[in-house]
Amino acid sequence: MAYQALYRKYRPTNFDEVVGQTHIIQTLKNAIVQNRIAHAYLFCGPRGTGKTSIAKIFAKTLNCTNSQDAPCGVCENCKMAANGSHPDIIEIDAASNNGVDEVRNLIDKVKYAPMQGKYKIYIIDEVHMMTSGAFNALLKTIEEPPAHVIFIFATTEPNKVLPTIISRCQRFDFNKVSMHDIKYRLSVVCKNEGIEIDENGLTLIAQLADGGMRDALSILDQCVAYCSSHIDVNDIRKIYGVITSEDIGKLFYSVYKKDVDSFVKDIQKYSDMGMDIKRLTADFIHMLKDSLILDYSENSTLVSDMKKDMIRKYFKLAPINFRIKCMEELM
Ligand SMILES: [Zn+2]
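Worth saying up front: this structure is predicted, and the values here are computed from it rather than measured.

Trainee: For this particular structure, what's the right way to read the overall build of the protein?
Mentor: Along its length, the protein carries 16 helices and 7 strands. Referenced to the eigenvectors of the C-alpha coordinate spread, the extents of the protein come out at roughly 75 × 45 × 35 Å. Split into buried and exposed, the 331 residues of the protein put 47% on the buried side. Across the protein, every contact between residues at least 6 apart in sequence was considered, and the portion connecting residues at least 24 apart equals 73%. Working note: accessible area of the protein is about 17,300 Å², and carbon and sulfur atoms make up 50% of it. If you average the places of the 41 positive and of the 41 negative side-chain charges in the protein, the two averages end up 2 Å apart.

Trainee: Looking at this structure, how should I read the coordination of the zinc ion?
Mentor: Under ideal tetrahedral coordination, the four donors around a metal are separated by 109.5 degrees; under ideal octahedral coordination, the six donors are separated by 90 or 180 degrees. The coordination sphere of the zinc ion, as far as protein atoms go, consists of C64 (SG), C72 (SG), C75 (SG) and C78 (SG), spread over 2.2 to 2.3 Å. Note that the zinc ion binds 4 donor atoms; their angles at the metal cover 103 to 116°, and the shape is tetrahedral.

Trainee: It is not clear to me how the packing of aromatic side chains should be interpreted in this structure. Could you clarify?
Mentor: We describe a pair of aromatic rings using the distance from one ring centre to the other and the angle between the two ring planes. For the structure on display, the rule yields 12 aromatic pairs. A centroid spacing of 6.1 Å and a plane angle of 25° characterise the contact between Y41 and F172, whose relative ring orientation is stacked. A residue pair is termed long-range when its members are at least 10 positions apart, and Y41 in strand β1 (residues 40-44) and F172 in strand β5 (residues 170-173) qualify at 131 residues. Take Y41: its relative accessible area is 0%, and that puts it in the buried class. Residue classification places F172 among the buried residues on the basis of a relative accessible area of 8%. Aromatic pair F43 and F174: ring centres 5.2 Å apart, planes at 45°, arrangement tilted. Of this pair, F43 sits in strand β1 while F174 sits in the loop between β5 and α8 (179-193), and the two are 131 residues apart along the sequence. Given the relative accessible area of 0%, F43 is considered buried. These aromatic residues form a ring-pair network of at least three members: Y41, F43, F58, F172 and F174.

Trainee: Mind showing me how you'd approach the layout of surface pockets here?
Mentor: Which parts of space are left empty comes out when a probe the size of a water molecule is rolled across the atoms. In this structure, the largest pocket encloses a volume near 1,000 Å³. In terms of lining residues, the largest pocket is bounded by 36 residues, among which M179, T203, Q207, H286 and K307 are the most central. Within the residue set of the lining of the largest pocket, elements represented by two or more residues are α8, α9 (199-209), α12 (245-256), α14 (277-296) and α15 (305-313). At 8 residues, the largest contribution of residues to the lining of the largest pocket is made by α14. Of the residues assigned to the lining of the largest pocket, the class counts are 14 nonpolar, 11 polar and 11 charged. Looking at the lining of the largest pocket, you find at least three residues from each of domain 2 (179-240) and domain 3 (245-330). When its volume is computed, the second largest pocket comes out at roughly 480 Å³. Forming the walls of the second largest pocket are 24 residues, and the residues nearest its centre are R11, G48, G50, S53 and R214. Listed by contribution, the elements that provide at least two residues to the lining of the second largest pocket are α3 (51-63) and α10 (213-227).

Trainee: Just checking my understanding: could you explain the domain arrangement of the protein for this structure?
Mentor: Note on interface size: it is often stated as the accessible area lost on association of the parts. Once the domains are mapped, the protein shows domain 1 (21-173), domain 2 (179-240) and domain 3 (245-330). Between the C-alpha centres of domain 1 and domain 3 the distance comes to 47 Å.

Trainee: Would you mind showing me how to read the environment of G241 here?
Mentor: Note on placement: G241 falls in the loop between α11 (233-240) and α12. The class for G241 is buried, based on a relative accessible area of 11%. Aside from chain neighbours lying at most four places away, what touches G241 is M275 and D276.

Trainee: Is there a simple way to explain the state of the cysteines in this structure?
Mentor: Structurally, a disulfide amounts to a covalent bond that connects the sulfur atoms of two cysteines. Within the structure shown, the criterion is met by 0 disulfides. Residue C169 stays outside any disulfide, its sulfur separated by 8.6 Å from that of C44, the closest cysteine. In this structure C169 comes out as buried when scored by relative accessible area, which is 13%.

Trainee: Looking at this model, I keep getting lost on unusual backbone geometry. Mind explaining?
Mentor: Peptide bonds are, in most cases, trans, and in most cases residues other than glycine have a negative phi. Here the phi dihedral of D210 falls at roughly 50°; this positive angle occurs in a residue that is not glycine. Among the secondary structure elements, D210 is positioned in the loop between α9 and α10. The phi dihedral of K258 falls on the positive side, at around 55°, and the residue is not glycine. Note on placement: K258 falls in the loop between α12 and α13 (260-272).

Trainee: How do you make sense of the side chain of D235 when you look at a structure like this?
Mentor: Relative to the elements of secondary structure, D235 occurs in helix α11. Of the residues examined, D235 reaches a relative accessible area of 18% and is grouped as buried. Ignoring anything within four residues of it in the chain, the contact list for D235 reads Y226 and C227.

What counts, and at which threshold
- Within every chain, residues take consecutive numbers counted from 1 along the sequence as written.
- At least 70 in pLDDT is required for a residue's local features to be given in this predicted model, at least 80 for side-chain atom pairs to be given and counted, and no such filter applies to totals for whole chains, interfaces and linings, which use all residues.
- Based on all heavy atoms of the structure, the side-chain values leave hydrogens and waters out of the count.
- Numbering of helices and strands runs from the N terminus; a helix is a DSSP stretch of H or I covering at least four residues, while a strand is a stretch of E covering at least two.
- Buried means the residue's accessible area, taken with a 1.4 Å probe over protein chains only, is under 20% of the maximum for its type, while exposed means over 50%, and partly exposed covers the values in between.
- In this analysis, two residues are considered to be in contact whenever any of their non-hydrogen atoms come within 4.5 Å of each other.
- Computed with a 1.4 Å probe, the accessible areas rest on the Shrake-Rupley method; for each residue, only the protein chains presented here act as cover.
- Neither His nor the chain termini are counted; the positive set is Lys and Arg, and the negative set is Asp and Glu.
- All charge positions are set by atom: Lys at NZ, Arg at CZ, Asp at CG, Glu at CD.
- We call an atom a donor if it is N, O or S and sits within 2.8 Å of the metal, or 3.2 Å for Na, K and Ca. Water is not counted, so some sites may look partial.
- Every angle between 85 and 135 degrees makes a four-donor site tetrahedral, while opposite donors more than 155 degrees apart, with all other angles between 65 and 115, make a four-donor site square planar and a six-donor site octahedral; other sites are irregular.
- A pair of aromatic rings is counted whenever rings of Phe, Tyr or Trp (Trp by its six-membered ring) have centres within 6.5 Å, and the orientation is called stacked for planes under 30 degrees apart, edge-to-face for over 60 and tilted otherwise.
- The definitions used throughout rest on a 1 Å grid laid over the protein atoms alone, on which a cavity is an enclosed set of points accommodating a 1.4 Å probe that cannot get out and a pocket is an open set flanked by protein within 12 Å on both sides along at least five of seven lines; lining residues are those having an atom within 4 Å of a point.
- Grid points are joined across faces, edges and corners, and a volume is the space filled by probe spheres set on the points.
- Residues were grouped as follows: Ala, Val, Leu, Ile, Met, Phe, Trp, Tyr, Cys and Pro as nonpolar; Asp, Glu, Lys and Arg as charged; and all remaining residues, including Gly, as polar.
- Throughout, the edges of the domains are those of an automatic or database domain assignment.
- To count as a disulfide, a pair of cysteine sulfur atoms needs to be within 2.5 Å.

Spelled out as structure tokens, the structure:
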């Protein structure tokens, strides 16, 4: 079988498999059970937080013949939705179909009753990419949609969506997925795939993904390509140009001791290795901030154990005022 990217392989097919966004899932489930379905939804939020996945699962549930609040997965409608062949679930990527003609074409078909399911559902991804002409053409349909039609718009930039469209939608704001949830999901995937990775590796991938579950799985994929089935935190650093907490600790110590030679030498070394200096600066600020947290709360769970060791070893040697001044300079 051809290799399938992890984010595709582990794309959720049911509400239970979605990571995070529990408030949104609960509201959508309630809407189905109470039969209070809106005609237009707007899913806003950062990339990779589950907007399209939830839209697809919601669409599948609405057309499932057996379901209450989740797709059964076995009826004809569910099967067709799962392999993307359901005639009444129409996905449009506005980034590539943003013209008036495409929207007109879509609107022409809106009036026809669904062929297979109860509802005709249009999932329009990256809706902010539509031209204003296309938006305006769509607006008329959203104002008076036929009873069997539901629109689900997804966007990373709700500020670029016409206010007149937003006001006609039920809006849901997707949050970044928490570190904890990403790490948990990654550990499940690794276990399934026979990938060995430790806690520090999971933490680093979750940090790099910055709240996007899809990004986290793509990063994991890239690490697997590089390291095979045993992923070491230092390999991830090499691939993504991230330096260690210890490296940052040493840099800080040179600054504190006014050891310009070794500071410049180290920075040159990281630069030659292709390390991202902007990222280094951000990590440096982060370490300084964490050192201040530890000053006030020695047992804080906000700081990882790995970082705590390095903070005690290097940062705590300097007085608090010095660290604050460093942080201000770096910012
Ligand atoms: Zn079903």
